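These are the residues of each chain, in order.
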Amino acid sequence: MEYSSVEHGNNHYELELPHGRLHVFANSDVYQTFGAKVYEMADNNLRIPRHVYMSYTPDAHVGVGTCIGTTAVWNMKDGFVSPSIVGVDIGCGMRVHTTTLHRRDIQDRAVRRALIEAIEKYVPTKERTNTHYADIDIMNVVRHGLKGLPEKYVPQEQWLTHVEESTFRFEHAYLEHLPAQIRKYAHGQLGTLGGGNHFIELQVLEIEEGRAELAARWGLFDGQVVVMIHSGSRAWGAKLGQTYTSELRDAMYSWGVDNPDRNLIYAPIASREGQTYLNLMYSALNFAVSNRHMIAFGVREAFRDVFGAGLEMPVLYDLMHNYALKEAHRNQPMLVHRKGATRALPPGHYLNTAAYKETGHPALIPGSMGTSSYIMVGREEGMKNFYSICHGAGRARSRKATKELVTVDQFEQSLMVGTDEEILVNHRSLQTILDECPQAYKDVDQIIDSVVGASLADVVAKCKPMAAIKGV
DNA sequence: ATGTTC
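Quick look at the structure, then. This structure is a prediction, so every number in the text was calculated from the model and none was measured. (Residues numbered from 1 in each chain as written. Chains lettered and ligands numbered in written order. Predicted model: local features only at pLDDT ≥ 70, side-chain atom pairs only at ≥ 80, totals over all residues. Heavy atoms only, no water.)

Let us look at the nonpolar core. Nonpolar side chains in soluble globular proteins tend to end up buried together. Leu22, Val24, Ile200, Trp236, Phe303 and Met376 are the most contacted members of the largest nonpolar core, which totals 134 residues. No other element matches the 17 residues that helix α10 (residues 272–307) contributes to this core. Setting aside anything within four residues of it in sequence, one finds Trp236 in contact with Met139, Val142, Leu178, Ile182, Arg183, Ala186, Ser283, Ala284 and Phe287. Formed by 21 residues, the second largest nonpolar core is a distinct cluster that contains Ile207, Leu220, Leu316 and Leu364. (Core = buried A, V, L, I, M, F, W, Y, C linked by side-chain atoms within 4.5 Å. Buried < 20%, exposed > 50% of the residue type's maximum accessible area, 1.4 Å probe, protein only. Helix = DSSP H or I, 4+ residues; strand = E, 2+ residues; numbered from the N terminus. Contact = heavy atoms within 4.5 Å.)

What follows is the structure in structure tokens.
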């Protein structure tokens, strides 16, 4: 594929692909790692008519239909919505809770082991087999998000306000078109972690130099113990994604729409099919934010078992990296798809939730197991990328290739097993989660350097992992 | 990522 490119400096490249313009944000080291496949994929996405904007963040890598690390924007009035550019794990996102604990309070591995076991008791990775949360009406949750949860599951008022959205509003009449069987696992899966790259980590903060004031305003301090959660909408979103990928594929066929990639699915926002997907997608976002809320509720129970019932765990923030949101940009209503891309709004931006209007909100960026995660804040210059930054390190190689390349021994070494610095894991053997080892991912520090160098966001704190809980 | 199924 032939294309020309312009280097703007500031880790910003502009590529003229056959079907349109792609912006790439990466430092030169990361930029050089992008192969032909990600550009081919971008070009297929650029065939979707009337796109306003498309970009890759430095964590971009090949996904189904669309690369993970894509921001893609259409005008609401004549644009398209794509289940492929939302991704299969609708509403997948990050959440951080703070504590008053200091690193020294969990340095003892017996304490960390107790926390891991307590968390596993309250937060299953697959589904609950007991009758917990019988008073939660799952249809209320998918309609109203956090506001559909009984009050007793809201430990502090700020659990409802320090989130990207507490309720994603949509036309509830579309619930009539929910896939058959979608309710089957929903209740038993609320407040459960899931598998793959999803995790709960105990981390310790290192406040970035010169950022103590903002950190303090957010309730963060050096050496603080925090809990980072990465999970999504479980089977609810997966089922919706599958069903509507297939329905929209049929519609594309009937309209005679042709794309070289038959895994790239899209429909006009105004079409019946587009509207059905878009509305039901918001039910998955409500499930996802409520799922992370209930996971956090379980983590809080676990911490109280270990440290006493006086302990509170305020939420720092909860935000997503797989969705399509209606946002006003350039005085126009736009549909902003973020597939493995995180919104990072600057101080004062109107889209900020009230609690973070003045400072901008924390943008939560996970690393990989054994490497740091980051808490960042957006910059005004981020406007050039519709306020999107990376969603994490980004995969460097497939799960299969990772298992062939990396040994359990190497994985153990990267977790410093057997030393005082060991990062504890809930799994007895690392073999089952070998495809989640740090070697499967790009170097997160290079990704963060790319984002900072592009003036999209700044680092507020680095989060060092002390213990990790993973599903399979 | 997901539950189910060859």
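Following the structure, the description resumes.
With that settled, consider the protein's contact with DNA strand B. Contacts to DNA strand B come from 15 residues, most closely from Tyr185, Gln189, Gly195, Asn197 and Arg399. Sugar and phosphate atoms represent 81% of those atoms of DNA strand B found within 4 Å of the protein. Taking Lys184, its side chain carries an N or O atom lying 3.3 Å from a phosphate oxygen of DNA strand B. The separation between a phosphate oxygen of DNA strand B and a polar main-chain atom of Asn197 is 2.4 Å. Element by element, the count of residues in the surface near DNA strand B is highest for helix α9 (residues 234–255), at 4 residues. (Near = heavy atom within 4 Å. Polar contact = N/O pair within 3.5 Å; in protein donor to acceptor, adjacent residues only side chain to side chain.)

What follows deals with the sheet that holds strand β4 (residues 53–61). Within the open sheet, the 7 strands sit side by side as β1-β2-β3-β4-β5-β13-β12. Their pairing is mixed. Across the chains shown, the open sheet's two edge strands, defined by having one partner strand only, are β1 (4–7) and β12 (322–329). The average undirected angle you get between the axes of adjacent strands in this sheet is 20°. Relative to strand β5 (residues 68–75), β4 is paired through 5 bridges, and the arrangement is antiparallel. Residue pairing for β5: Tyr56 is matched across the bridge by Thr70. Sheet contacts for α10: β12 and β13 (332–339); angle to β12, the most-contacted strand, approximately 110°. (Pairing = 2+ DSSP bridges. Axes fitted to C-alpha atoms, helices over the stretch in contact; angles between N-to-C directions.)

For strand β3 (residues 20–25), the tally of buried residues reaches 5 of 6 residues, placing the bulk of the element in the interior. Sheet topology places strand β2 (residues 12–17) next to β3; 6 bridges connect them, and they run antiparallel. Counterpart to Glu16 in the pairing with β3 is Arg21. Across 2 bridges, β3 lies against β4 in parallel orientation. Looking across to β4, one finds that Val24 is bridged to Tyr56.

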